[in-house]
Amino acid sequence: MHSLVSSSFPSPRPSPSSALSALGAVATSSTTGAGLDVLTATVTGTTVLLGPSGAGKSTLANALSGRDRMDTGAVRAADGNGRHTTVGVEQVFAEIHEHARGCAFRDCTHDSEPGCAVQEAIADGQLSERRLAGHRKLQRESAWAAAREAARPTGKRSDFHKSITRHQRATRRFFDQQQ
C-alpha cells in the first residue's frame, strides 16, 4: 500500500470557511441580515454581484442599499430555487431616469443638449458623472444583447426555411426525373 500524503502538500486541508475568508468572502443572509453589516462596511464604489439567475443577487443588492430598488421574487417551495426577476437599466439607474423626465427633449442623450435635467443634476452635485457613465455602459450592453438576440433565427423561422429548401429539392428531383 502506498501513501499519498507528502510533506509538500498542506495537511489537513483548509476548511471552506477559512479559504473563503482568505479570499475576502463574507457569508451573508438577506433574510436574517447576518453578515450584512460586515459586507456593507467592506463594499465601496462599484460592486458586482455574480451568480446564476434566481440566486438572490437582487435581494442582496436591496439589502445592501437599504432600499427596494430591484424587483425580487419568492423562493419556490418545490425546489428551493429563486426566479429571474430583474428587469433592466431603468431599475438599476432609477435616479437617472427620474431626472431624465425633466429634460427638454424626449430623445435627450444627456450629453450636450440644452435643457438636459441629467446634466443639471450633475452640475448641482445631485448625480455623479461616474454614475451616468455606468448608465451609458449598461445601456450599450443591453442594446448589444438585444440586437444579438434579435439576430438569432427563431426555431419557427428556421423550420420555415427548412421546409422551403426541402420543397425546392423535391421540385428539382421531380424535374430531373422527367428529363
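Whatever comes next refers back to the structure up there.
Below is a summary of the structure that appears in this document.

What counts and what doesn't
Residues numbered from 1 in each chain as written. Predicted model: local features only at pLDDT ≥ 70, side-chain atom pairs only at ≥ 80, totals over all residues. Heavy atoms only, no water. Phe/Tyr/Trp six-rings, centres within 6.5 Å; stacked < 30°, edge-to-face > 60°. Helix = DSSP H or I, 4+ residues; strand = E, 2+ residues; numbered from the N terminus. Salt bridge = Lys/Arg side-chain N within 4 Å of Asp/Glu carboxyl O. Buried < 20%, exposed > 50% of the residue type's maximum accessible area, 1.4 Å probe, protein only. Contact = heavy atoms within 4.5 Å.

Things to note about the packing of aromatic side chains
Stage number 1. A complete count under the given rule lists one aromatic pair for this structure.
Stage number 2. Seen in terms of ring centroids, phenylalanine 174 and phenylalanine 175 are 5.6 Å apart; in terms of plane orientation they differ by 70 degrees. Their pairing is edge-to-face.

Here we look at unusual backbone geometry
Stage number 1. Located in the positive-phi region is histidine 110, a residue other than glycine, with phi close to 60 degrees.
Stage number 2. Relative to the elements of secondary structure, histidine 110 occurs in the loop between helix H5 (94-100) and helix H6 (117-123).

A closer look at the pattern of salt bridges
Stage number 1. In this structure the tally under the stated criterion is two salt bridges.
Stage number 2. As a salt-bridge pair, glutamate 98 and arginine 101 come within 2.8 Å of each other at their nearest N and O atoms.
Stage number 3. The exposure class assigned to arginine 101 is exposed, which follows from its relative accessible area of 66%.

Side note on helix H3 (residues 57-65)
Stage number 1. Of the positions making up H3, those classed as buried are Ser58, Leu60 and Asn62.
Stage number 2. At its buried positions, H3 is contacted by helix H2 (36-42).
Stage number 3. The first or second residue beyond H3 is glycine 66, which carries a positive phi of 80 degrees.

Function-wise, these values are silent; they only describe arrangement.
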